[in-house]
Amino acid sequence: MKELLKTSFKWAISIAFITFILAALFSITSNFVLNGVYWTTGLLVVLLIVFIGIFFDMIGIAATAADEVPFHAMASKKIYGSKHAIRLVRNADRVASFCNDVIGDISGIISGTATAIVIFQLAMELQQNGSNVSEYVINVLFTSVIASLTVGGKAFGKTLAIRYSKEIIFRVGKLLQFFEDKFHIVIIKEKKRKKSRKNIQ
């Protein structure tokens, strides 16, 4: 029990630190890109952030839904990416925490901030052109559209993630192996299954 609490605490601290770094990078990058650009370009940036959130949400759900058994058969045939797919499934809790909570929440926060910047840019342009459309109306419209795209996109992504969990995790596994082979970056370490007492006996 103490070991479990210790491990959970270390993971919580690590993920909090990673969240801080990624949130800062996302925020700095999005603000830098949005600074002084036309509002339509800003809207594309917002949609990109929303898409990133949906994409990682799919990976997190797929990791929890996938079964590692088919990947063992693939690994025995030395199929590229299969061993890394097993790592993803065995670390499904951490993968889901990172993809759904960290990236998902950061994307939601940053997209909201970016949307506010786009709304301000559009409102300023409309005022310069003498339009009577109020900033309040623009705010409600844009916020509603982004919220509906985010929620609808994640709902659609969850359906795909559950139905095609094997295919999604296999492709992510291939990507992880590529990074490990080319850049020697180990994103997810191998996690061995603990043997049960029955197996030991």
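For the structure, check the block above.
Below is a short write-up of the structure. (Residues numbered from 1 in each chain as written. Predicted model: local features only at pLDDT ≥ 70, side-chain atom pairs only at ≥ 80, totals over all residues. Heavy atoms only, no water.)

### Considering the overall build of the protein chain
Counting its secondary structure elements, the protein chain contains eight helices and zero strands. Taken from N to C terminus, the helices and strands of the protein chain fall in the order α-α-α-α-α-α-α-α. Its C-alpha atoms give the protein chain a radius of gyration of 21 Å, clearly above 17 Å, the size a compact globule of 201 residues would have. The principal-axis extent of the C-alpha atoms belonging to the protein chain is close to 80 × 35 × 30 Å. Of all 201 residues assigned to the protein chain, the portion counted as buried reaches 35%. In the protein chain, 80% of the contacts between residues at least 6 apart in sequence involve partners at least 24 apart. (Helix = DSSP H or I, 4+ residues; strand = E, 2+ residues; numbered from the N terminus. Rg over C-alpha atoms; globule rule 2.2 N^0.38 Å. Buried < 20%, exposed > 50% of the residue type's maximum accessible area, 1.4 Å probe, protein only. Contact = heavy atoms within 4.5 Å.)

### Here's the deal with the nonpolar core
Core analysis: the biggest nonpolar cluster contains 23 residues, and Phe71, Leu88, Val95, Ala161, Ile168, Ile169 and Val172 have the highest contact counts within it. Those elements that place two or more of their residues in this core are helix H2 (39–65), helix H3 (69–76), helix H4 (82–90), helix H5 (92–128) and helix H7 (165–183). In contact with Leu88, not counting residues within four places along its chain, are Ala63, Val95, Ile169, Val172, Gly173, Leu176 and Ile188. Listed in part, the 21 residues of the second largest apolar core include Val45, Val102, Ile106 and Ala114. (Core = buried A, V, L, I, M, F, W, Y, C linked by side-chain atoms within 4.5 Å.)

### Section: the side chain of Ser30
Checked against the element boundaries, Ser30 lands in helix H1 (residues 2–34). If we skip the residues at most four places from it in the chain, Ser30 touches Ile49 and Ile110.

### A short note on the packing of H3 against H7
The N-to-C vectors of H3 and H7 enclose an angle of 45 degrees; their axes lie 11 Å apart at closest approach. Classed by the angle they form, the pair H3 and H7 counts as oblique. H7 is crossed by H3, and the crossing has right-handed handedness. For the pair H3 and H7, the contacting residues are Pro70, Phe71 and Met74 in the first and Lys166, Ile169 and Phe170 in the second. Of the residues contributing to the contact of H3 with H7, the split by class is five nonpolar, no polar and one charged. (Axes fitted to C-alpha atoms, helices over the stretch in contact; angles between N-to-C directions. Parallel < 35°, antiparallel > 145°, perpendicular 65-115°, else oblique. Left-handed = near helix turned anticlockwise from the far one by under 90°. Nonpolar A, V, L, I, M, F, W, Y, C, P; charged D, E, K, R; others polar.)

### Focus on H4
Counting buried residues in H4 gives eight out of nine residues, a clear majority hidden from the surface. For H4, the complete set of buried residues consists of Ser82, His84, Ala85, Ile86, Arg87, Leu88, Val89 and Arg90. Those residues of H4 that are buried are in contact with H2, H3, H5 and H7.

### Remarks on the packing of H2 against H7
At a minimum axis separation of 9 Å, H2 and H7 run at an interaxial angle of 115 degrees. On the basis of the axis angle, H2 is roughly perpendicular to H7. In this structure, H2 meets H7 at a crossing whose hand is left-handed. Contacts between H2 and H7 pair Met58, Ile59, Ala62, Ala63 and Ala65 from the former with Ser165, Ile168, Ile169 and Val172 from the latter. Per-class residue counts for the contact of H2 with H7 are eight nonpolar, one polar and no charged.

### Quick notes on the environment of Ala73
Following the sequence through the fold, Ala73 ends up in helix H3. Separated by 85 residues in the primary sequence, Ala73 and Lys158 place their C-alpha atoms 26 Å from one another.

### Focus on the pattern of salt bridges
Taken as a whole and assessed by the stated rule, the structure comprises three salt bridges. Two residues, Arg90 and Glu68, come together in a salt bridge whose shortest N-O distance is 3.1 Å. Within this pair, whereas Arg90 is found in helix H4, its partner Glu68 is found in the loop between H2 and H3, the two being separated by 22 residues in sequence. Comparing Arg90 with Glu68 shows no difference in burial state: the two are buried. A salt bridge links Arg87 to Glu180; the nearest nitrogen and oxygen atoms lie 3.2 Å apart. You can see Arg87 sitting in helix H4 and its partner Glu180 sitting in helix H7, a full 93 residues away along the chain. Taking relative accessible area as the criterion, Arg87 reaches 13% and is therefore assigned buried. (Salt bridge = Lys/Arg side-chain N within 4 Å of Asp/Glu carboxyl O.)

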